[in-house]
Amino acid sequence: MKQEDTTPEQPPPARLPLWANPRIGLVVLLIALIALFTTLRPAFLNTQLTLVPMQADISVYAVVGLSQLAVLSLGHMNMAVGRMAAMSAFASGLLHDRLDAPLILALAGGLAMGALLGALAGLIIAHTGVNSFVVTLALDFALIGLVSLLYATFTDGVAFNGLPAGMSALRTDTFADYCAGDVCGPEIPLLAPIALIAVLVVGLLFRWSRTGREVLMAGSNAKAAQLSGIPVRLRTIQAHALSGLLAGLAGFLLSANNGSFSAGVGDGFLLPSFLAPVLGGTLLVGGAVSVLGTVLGTAITQVIYKGLNLLQFQVDELKLYIGLVLLAALSLDRVRHVLAERRGVPA
Amino acid sequence: MTSTVETTTTRPAGPPAAPPSRLRRTVRTSEFTLVTLAVIGFVALTLTTDGNMLSAGTLAAFFRFLAVPMIIGLAQMVVLAIGQMNLSVGVLTGFCAMVAAWAMLEAGLPAPLAVAGAMLLGAAVGLGNGLLVVFTRINAFIVTLATMTIIDGLRYGVNGPGTYQDYSAGLAELGQASVLGLPVVFLIACAVAAMVWFFFARTVPGRHLLASGGSPFAARLSGVSNDRSIVLAHALSGLLAGVAAVLTLAQSGSVNATIGDDLLLPSFAAPIIGGVALAGGVVSVLGTCLAAFIVRLVDVAQAQFAINRRWVDLIVGAVVLGVVLSGAIRAKLSRRSS
């Protein structure tokens, strides 16, 4: 879990045994869940009905998870992910509605709005030293009100009518619809590569870039980082801006998925944003992140949702089982941790 | 404010200082600021509504709907005292209310038993939260996030989307009753707040709890069991959520599975505006109640002037941010001057 922390000069004292790697466990769990749901309902592997929508959902919520992960790296939280997503969806919608902006410009405007809001939160946190939970919670409160007021002012109701050209293709098309001669693409929704780019960029950022490594160091020990010449305040602002940017991207992806820029975008983001990174092994205390784990965590959650849905479970039962799975996964992780410690293996 | 409040909390008053500095200290406390704010807000609202605020009906409604936010703020405050959070307070309130209504309507239990059952259920769920935190050593934020999801499912499972009403004539009567113009539910909330204050100010477990929150290491060295404090805080938080459920049952007359959805954010707003530190070790019962009062004023202003409901969220958010910022600035200034 903390392997991202070990420096290259220092060889790890003992090789992690396979069972102690949390991500292997997640992959096994994912495969087991898919196998279970497929045996119970063969329709689970139906491409049009299940697999394509599920991939779109995983794309959206993986980005939501990354948005939270960006600040968890510091040991901070972003309680306003959903509302940042809503605000940036509003910005995209407004740009298209009033200025007739094309898809790319609308997306860029949305991302800029998200990054600005994130940077604002980061600025307040870095300069006052107030707990990030309080600041982002208050921001969330304020934005809940602002989003509905803005939609009420600029639209007829709670959504913009039009969509930029090409956005509905993001919703309905898969690569199978685009053929070069006889060769068609796989049945993967167009949203997936966008999310994949986000995953790769965030992964590379935290693994290889100076900024990303310095954010992790600031998260692991802010004082030591400060004394080593890392601009902790700047890194804090950058991490929060990244979180806002990713929240904005998630808002855009969900709007594309829903087919409209509406005030309700981001309403259900808070819980999944924590579920995915935490299931994936990212710590709340900061200093260590697992981007791959976040993607796996998202995949597991969405597989459970879809599977239980197909088995015609009610909404309330869905929630019950998601909560139980989270508790069980975390407790197992704890057991694994204790066992690994006993064997003298750092885990 | 979060740091200056340290001297103003429920700890027993120290030896009386010289009169001028004492006055100054009182003026500087966050409670004083809140009282001033509350009074100014109340007077302003009275003047701008041509005294409509003081009419018996408006005033009674004002206090009746203050009861639940007060208790829910206290339920969060108890857990903040040990430096943890309880995300499940809101849904737990709804769940207890639904179960109690079910017990009265479907199981035919008499109201007093159902009321006791709701509070016991809340305490039991809170106890479960605390035990999970202690035994798994997982962050309380995550544990209660998981239990929030679970309880959310259970709450909906009691009666699906259906509504329970007419469960108990006695409870409904209690919800509408007044003593000297003050609604009984509000008086009950005040009594509960007084008990919470007494718990933190005068009882050994309460002081231990604050010690654990302030410095777990020092607490352990002084022979305080941090684990016991954690379990106790979560159980107490659950119990208070149960109390909030009973008050909701009494005042609203009908309950469904959405009860508690809008309580999570206010549960944090009240203690934070009231000057409770998230880091733990500090509580302010009076501050939390006053903050709930101020938020209620914003609510009433919205109703009186028929403002868009959404302005309330915007204003409350801005107030929390403002309080937090001014507290940080004040701390910086006082550090510079000393």
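Here the residue numbers are simple positions, counted from 1 along each chain's written sequence. Written order determines the labels here, with chains lettered from A and ligands numbered from 1. It should be noted that, the model being predicted, local features are given only for residues of pLDDT at least 70 and side-chain atom pairs only at 80 or more, the latter also being counted only at that level, while totals for whole chains, interfaces and linings use all residues.

Quick look at the overall build of chain A now. A count of helices and strands for chain A gives 13 helices and two strands. Taken over C-alpha atoms, the radius of gyration is set against a globule rule of 2.2 Å times the number of residues to the power 0.38. A compact globule built from 347 residues would reach a C-alpha radius of gyration of about 20 Å, and chain A, at 21 Å, matches this within 12%. As a rule, residues whose C-beta atom has 12 or fewer other C-beta atoms within 10 Å are exposed, those with 20 or more are buried, and those in between are partly exposed; C-beta atoms are placed from the backbone. Looking at chain A as a whole, 50% of its 347 residues are labelled buried. Starting at the N terminus, helices and strands are each numbered in turn, a helix being any DSSP run of H or I of at least four residues and a strand any DSSP run of E of at least two.

The next subject is the overall build of chain B. For chain B, the helix and strand inventory stands at 15 helices and four strands. With the C-alpha coordinates aligned to their principal axes, the bounding extent of chain B is approximately 65 × 55 × 35 Å. Out of the 338 residues belonging to chain B, those deemed buried represent 52%. Placing a C-beta atom from the backbone of each residue, one calls two residues in contact when those atoms lie within 7 Å. Taking the contacts inside chain B whose residues are at least 6 apart along the sequence as the reference set, 79% of them involve residues at least 24 apart.

On to the interface of chain A and chain B, then. Listed as interface residues are 35 residues of chain A and, on the opposing side, 34 residues of chain B. Elements with a minimum of two residues in the side of chain A that touches chain B: helix 5 (132–154), helix 11 (270–279) and helix 13 (315–342) of chain A. No other element matches the 14 residues that helix 5 of chain A contributes to the side of chain A that touches chain B. Nonpolar residues are Ala, Val, Leu, Ile, Met, Phe, Trp, Tyr, Cys and Pro. Charged residues are Asp, Glu, Lys and Arg, and all others, Gly as well, are polar. Residue composition of the side of chain A that touches chain B, grouped by class: 24 nonpolar, seven polar and four charged.

This paragraph deals with the UniProt feature "transmembrane region" (unreviewed entry) in chain A. All names here are of chain A. Per the UniProt record, "transmembrane region" (unreviewed entry) is annotated on residues 20–40, 60–81, 101–126, 133–154, 190–208, 237–254 and 274–299. In residues 101–126, the share of helix is 92% and the share of strand is 0%. The end C-alpha atoms are 35 Å apart. Annotated as 100% helix and 0% strand, the span residues 237–254 places its first and last C-alpha atoms 25 Å apart. UniProt positions are given in the numbering used here, feature names are shortened, and annotations may be inferred rather than shown by experiment.

For helix 10 (residues 204–214) of chain B, the set of buried residues is Gly206, Leu209, Leu210, Ser212 and Gly213 of chain B. Angular distribution of buried residues about the axis of helix 10 of chain B spans 160°; they occupy a single face of the element. Working definition: the arc comes from the directions between the helix axis and the C-beta atoms, pointing outward to the latter.

Residues and elements named next belong to chain B. Mapped onto the secondary structure, Val276 falls in the loop between helix 13 (264–273) and helix 14 (285–304). Remark: the alpha-carbon pair of Val276 and Val78, spanning 198 residues in sequence, is separated by 9.9 Å. Setting aside anything within four residues of it in sequence, one finds Val276 in contact with Met77, Leu80, Pro271, Val282, Val283, Ser284, Gly287 and Thr288.

Residues and elements named next belong to chain B. Put simply, helix 2 (residues 30–48) and helix 14 touch, their axes get as near as 10 Å, and they point 25° apart. Taken as axis vectors, helix 2 and helix 14 run roughly parallel relative to one another. In the packing of helix 2 onto helix 14, the handedness of the crossing is left-handed. In this structure, helix 2 uses Ser30, Glu31, Leu34, Val35, Leu37, Ala38, Gly41, Phe42 and Leu45 to contact helix 14, whose residues at the interface are Leu286, Gly287, Leu290, Ala291, Phe293, Ile294, Leu297, Val300 and Ala301. In terms of residue class, the contact of helix 2 with helix 14 is made up of 14 nonpolar, three polar and one charged. Angular values range over 0 to 180 degrees, each being the angle between N-to-C directions of two axes fitted as lines to C-alpha atoms, with helices fitted over their stretch in contact. Small angles under 35 degrees read as roughly parallel and large ones over 145 as roughly antiparallel, with 65 to 115 read as roughly perpendicular and the rest as oblique. By definition, turning the near helix anticlockwise from the far helix through less than a right angle yields a left-handed crossing, and turning it clockwise yields a right-handed one.

Take the confidence of the model for chain A next. By definition, pLDDT measures how confident the predictor is in each residue, and it falls between 0 and 100. When pLDDT is averaged across chain A, the result is 83; 92% of the residues are at 70 or more. Low pLDDT (under 50) marks residues 1–8 of chain A, which in the prediction has 13 contacts with non-local residues, meaning those over four places away or in another chain.

All names here are of chain B. Closest axis-to-axis distance for the helix 10/helix 12 (residues 226–252) pair is 9 Å, and the angle between their directions is 110°. Put simply, helix 10 runs roughly perpendicular to helix 12. Residues Pro205, His208, Leu209 and Ser212 of helix 10 form the contact with helix 12, whose participating residues are Asn226, Ser229, Leu232 and Ala233. Across the contact of helix 10 with helix 12, the residue classes break down as four nonpolar, four polar and no charged.

In plain words, the nonpolar core is the set of buried Ala, Val, Leu, Ile, Met, Phe, Trp, Tyr and Cys residues that C-beta atoms within 7 Å link up. Core analysis: the largest hydrophobic core is formed by 224 residues, its most contacted members being Val63 and Ala250 of chain A together with Ile71, Ala100, Ala118 and Val320 of chain B. For this core, the element with the highest residue contribution is helix 12 of chain B, accounting for 16 residues. Excluding residues that lie within four positions of it along the chain, Val320 of chain B makes contacts with Ala138 and Phe141 of chain A together with Ala269, Ile272 and Ile273 of chain B.

Let us now look at the environment of His127 of chain A. When you line up the elements, His127 of chain A lands in helix 4 (residues 103–128). Along the backbone, His127 of chain A and Arg233 of chain A are 106 residues apart, and their C-alpha atoms lie at a distance of 7.4 Å.

The subject of this paragraph is helix 4 of chain A. A helix is expected to span 1.5 Å multiplied by its residue count minus one. End to end, helix 4 of chain A covers 38 Å across 26 residues, agreeing with the expected 38 Å (1.5 Å per residue, within 8%). Two residues or fewer after helix 4 of chain A comes Gly129 of chain A, characterised by a positive phi angle close to 75°.

With phi around 60°, Asp100 of chain A is a residue other than glycine that occupies positive phi space. If you trace the backbone, Asp100 of chain A turns up in the loop between helix 3 (81–99) and helix 4. Here Asp100 of chain A falls in the exposed class, since 11 other C-beta atoms lie within 10 Å of it. In this structure, Arg137 of chain B takes a positive phi of about 60° despite not being glycine. As for its placement among the helices and strands, Arg137 of chain B is situated in the loop between helix 6 (111–136) and helix 7 (140–159).

Residues and elements named next belong to chain B. Looking at chain B, the pLDDT average stands at 82 and 90% of residues meet or exceed 70. Least confident of the elements in chain B is helix 1 (residues 19–28), whose mean pLDDT is 64; most confident is helix 4 (residues 67–80), at 92. Across residues 1–14, confidence stays below pLDDT 50; counting only partners more than four residues off in sequence or on other chains, it has 33 contacts. Scored by ipTM, the complex comes to 0.75, with pTM at 0.81.

The next subject is the environment of Val278 of chain A. Residues and elements named next belong to chain A. The topology assignment puts Val278 in helix 11. Given 28 C-beta atoms within a 10 Å radius, Val278 is considered buried. Residues Val278 and Leu72, 206 residues apart in the sequence, show an inter-C-alpha distance of 9.6 Å.

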